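# Coordinates in review
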Amino acid sequence: MRIPAAWVRRNAAGSRRYATAASRVPQTVIEKVVQRYAVDLPPNKTVKAGDYVMIRPEHVMTHDNTGPVISKFKSIGATRVHNPKQLVFTLDHDVQNKSPKNLSKYASIEAFARQHGIDFYPAGRGIGHQVLVEEGYAFPHTLTVASDSHSNMYGGIGCVGTPIVRTDAAALWATGKTWWQVPRMIKVELKGKLAPGVSGKDVIVALCGYFNKDEVLNGAIEFTGDGISALSVDERLTIANMTTEWGALAGVFPVDDVTLDWYERALKRLEFRTFSTPALSASIPPPPEHPRINRARLDALRANNIRSDPDATYASHLVLDLSTLVPHVSGPNSVKVSNPLPVLESKRIPIQKAYLLSCTNARASDIAAAAEVLKGHKVAPGVEFYVAAASSEVQQDAEKRGDWETLIAAGAKPLPAGCGPCIGLGVGLLQEGETGISATNRNYKGRMGHPNAQAYLASPAVVAASAIKGYIAGPDALNPDSLPPAGAPQFSIATPTQESTASSPVAEADEPVLPGFPSTFAGPLLFAPQDNLNTDALYPGKYTYQDDITLARQAEVVMENYDPSFAALVASIRKEQEQSASPSSDVKQGVVLVSGYNFGTGSSREQAATALKAAGVPLVIAGSFGDIFKRNAINNGLVCIESPELVADLTDEYAKDGKRGAGGKDGELTVNKGHVVDVKVVEGRVEVRWPSGGTRTYKVGRVGASVQELWICGGLEGYVLKSIKESTAA
């Protein structure tokens, strides 16, 4: 990937120049949308999976992390936002925090928005992803990005939503563009129709649990099949939202009659919300046209609906028969573990907390489903049931229908519209030893509270039923006779993947070493025998929105949720290194961390990368990486190398029972046996000296010139600063 120097030059005409694809090259609908938003492409270039492209998204959203993005924006020397209408600010994560410090932070974000003419939604308006859908920033067949991992949700309405990181956001503010590698395309076919009582949440919980071998890792999912037409838009949003946890970078549904009818109702709603008395609307002039959801835009969408070409290429084709699916529950503490509800219900697993909130399952239909279960019941003694609408508009709808009142009357504890417990902020978090069931999207260890708590995920109806029964259970209205057999649904891979899910682009053999980039990274090797080591494990969520936290403090808490002793171990090794003789200038000393597959999966927090680097880990080797983490790493000068062979050797030798997931053979979470490693990053070679005295060599992908250049500049932030200065000087 070579980032063009022209990326900071503005289009003289001030408008997007779409690249025109040659019609003879088949594309998926996702590739077609990206084609619309790709800029600075060669003439007649057709965008395909694997391409590195410059994109100018329709919109870019930041939330509570806007503060750090402002700091980055200013630090790179930018003084003017390239296109204020491209940006959207939504405050939604730490909305329960009324401390002077947080209120001051929120005020500074609002002030920046007002100063630059940026659309701003204050705390209480709702979760940013929901707001973007309600207000049309995410719209069918557009490309909208957000500095949050759940921007995949926009795919529920046919928008290509994909996550970026904070440094990308700052670059977008300054230039209107950023780089993106088009993911591999994956077709997910949903066949048949869901049985009564089975929901969209059950679909994605099952997909995460049964296709749990990284089948969609770092891919872009296109949902197809005859089962889609019976899924509501709310269900599609839920499924698309959790394609993040499944490992994908986008999950896009087709724009069909269900989608278009939903927008017709949305348009009517937007018209009515301007009138205090809808009955009088016919007697007064029409309201102002909504800037994004309006008749002209909907008519254009109907007239120009786009679909994948029949001969478009997919890396894989997965199939799930919806008619064979029963309600499912995810966990504990992993989305890759999925159990049929009847199996867990028979175990009568007691709970202490239940949650109906988040951008995944807190829309009006979700609240209605929970209210239907709760009518005439009370939350069980010893259980706390927390509810928060996805947005203020959702809560108003629920209140008008009486559903909100039903929840409160049953004993639910209301929270403001926002993320709250889902991100581990505010009241209602899981305490040590507690078990909770949630309609949220992520049940990673420690995310919703104490690391020694158990978290399960389920549909709103199952969460509500569990809250009133005191254990994981389905609603009484769920008729077993109307459900398929209570086992695994029918699922298959129709077309085997033709490329490795762990593959990464390999540089040319004659890749040069740029001046200032070390030819070798060297130091002791530490092994974390764990797959799916997520961002909450690397950098706990409770620190994520402490914007004034120093790099030194980040280093002290790195890996805290995985191995509390990790930071101290690395610090002691680094101290010894600093006291030893200095290596040559082209060798970068540090601690080399090796771990399993899908390293860094989870949220978009860049501190997961910066904390490792600050601790003295300049390079991470893994079987594969979560794409968002890898993007954060590249943007912040942390080198990532994939070596499945080295991971396999270390697993066989040191992991408990020869398998990753239970620590080392001696019970340690981080294995430190005295290995020393030299990583020849440009040559594509890793040399490991084993404690026994032997040396093993592993071939790996080379680090290309573009990544070297970002490293030399200290990351993307430094690169943009350098580019702005060069552009100004020219």
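Before reading further, recall that the structure is shown in the block above.
## Quick notes on the pattern of salt bridges
Where charged atoms from two side chains of opposite charge approach closely, those side chains can pair. In the structure shown here, the tally under the stated rule is 37 salt bridges. Aspartate 649 is the partner of arginine 696 in a salt bridge, and the nearest nitrogen-oxygen pair spans 3.5 Å. Taken together, the positions of arginine 696 in strand β28 (residues 695-699) and aspartate 649 in helix α21 (residues 644-654) put the pair 47 residues apart, joining distant regions of the chain. Look at aspartate 649 and you get partly exposed, because its relative accessible area is 24%. Residues aspartate 666 and lysine 673 are paired through a salt bridge, measuring 2.8 Å at the closest nitrogen-oxygen approach.

## Quick look at the pairing of strand β25 (residues 639-642)
Burial along β25 is two-sided: Val639 and Ile641 facing one way and Cys640 and Glu642 facing the other are all buried. In this structure, strand β24 (residues 619-622) lies alongside β25, joined through four bridges in parallel fashion. Residue valine 620 lies in a different strand from β25, and its bridge partner there is cysteine 640. Between β24 and its parallel partner β25, the chain crosses via helix α20 (residues 627-635), and the hand of that crossover is right-handed.

## Comments concerning the packing of aromatic side chains
In the structure shown here, the tally under the stated rule is 21 aromatic pairs. Their ring planes at 20° and their centres at 5.9 Å tell us that tyrosine 355 and tyrosine 386 sit as a pair that is stacked. Of this pair, tyrosine 355 sits in strand β15 (residues 353-356) while tyrosine 386 is found in strand β16 (residues 384-387), placing the two residues 31 residues apart along the sequence. Relative accessible area serves as the criterion here: at 1%, tyrosine 355 is assigned to the buried category. Exposure remark for tyrosine 386: the relative accessible area of 7% places this residue in the buried category. Three or more aromatic residues joined by ring pairs make a cluster, and in this case those are Phe73, Phe89, Phe112 and Trp173. Positioned above the aromatic ring of tyrosine 137 is the side chain of arginine 292, whose terminal nitrogen or guanidinium carbon lies 3.8 Å from the ring centre. The ring of tyrosine 471 has arginine 348 lying over it, and the distance from NZ or CZ to the ring centre is 4.1 Å.

## Focus: unusual backbone geometry
Glycine 331 connects to proline 332 through a cis peptide bond whose omega is 10°. If you trace the backbone, proline 332 turns up in the loop between β13 (328-330) and β14 (338-340). Here asparagine 218, not a glycine, exhibits a phi torsion of approximately 60°, which is positive. Relative accessible area serves as the criterion here: at 16%, asparagine 218 is assigned to the buried category. Positive phi, normally seen in glycine, also occurs at methionine 559, with a value near 65°. Note that methionine 559 resides in the loop between α17 (551-557) and α18 (566-579). Residue class for methionine 559 comes out buried when judged on its relative accessible area of 0%.

## A word on the side chain of aspartate 256
Locating aspartate 256 in the fold gives a position in the loop between β11 (250-252) and α9 (257-272). Residue aspartate 256 is classed as buried on the basis of its relative accessible area, which comes to 19%. Within the structure, the side chain of aspartate 256 is placed 3.2 Å from the backbone nitrogen of valine 258, a separation counted as a polar contact. Here the side chain of aspartate 256 touches threonine 259 through a polar contact of 3.0 Å, side chain to side chain.

## A look at the packing of helix α2 (residues 66-75) against helix α5 (residues 166-175)
Between α2 and α5, the shortest axis-to-axis distance is 9 Å and the interhelical angle comes to 55°. Between α2 and α5, the angle falls in the class oblique. The two elements α2 and α5 cross, and the hand of that crossing is right-handed. Side by side, α2 and α5 meet where Thr66, Pro68, Val69, Ile70, Lys72 and Phe73 of the first sit next to Arg166, Thr167, Ala169, Ala170, Trp173 and Ala174 of the second. Each residue belonging to the contact of α2 with α5 can be placed in one class, and the counts come to eight nonpolar, two polar and two charged.

Cut-offs and rules
Residues numbered from 1 in each chain as written. Predicted model: local features only at pLDDT ≥ 70, side-chain atom pairs only at ≥ 80, totals over all residues. Heavy atoms only, no water. Salt bridge = Lys/Arg side-chain N within 4 Å of Asp/Glu carboxyl O. Helix = DSSP H or I, 4+ residues; strand = E, 2+ residues; numbered from the N terminus. Buried < 20%, exposed > 50% of the residue type's maximum accessible area, 1.4 Å probe, protein only. Pairing = 2+ DSSP bridges. Right-handed = clockwise from strand over helix to strand, strands pointing away. Phe/Tyr/Trp six-rings, centres within 6.5 Å; stacked < 30°, edge-to-face > 60°. Lys NZ or Arg CZ within 6 Å of the ring centre and 35° of its normal. Polar contact = N/O pair within 3.5 Å; in protein donor to acceptor, adjacent residues only side chain to side chain. Axes fitted to C-alpha atoms, helices over the stretch in contact; angles between N-to-C directions. Parallel < 35°, antiparallel > 145°, perpendicular 65-115°, else oblique. Left-handed = near helix turned anticlockwise from the far one by under 90°. Contact = heavy atoms within 4.5 Å. Nonpolar A, V, L, I, M, F, W, Y, C, P; charged D, E, K, R; others polar.

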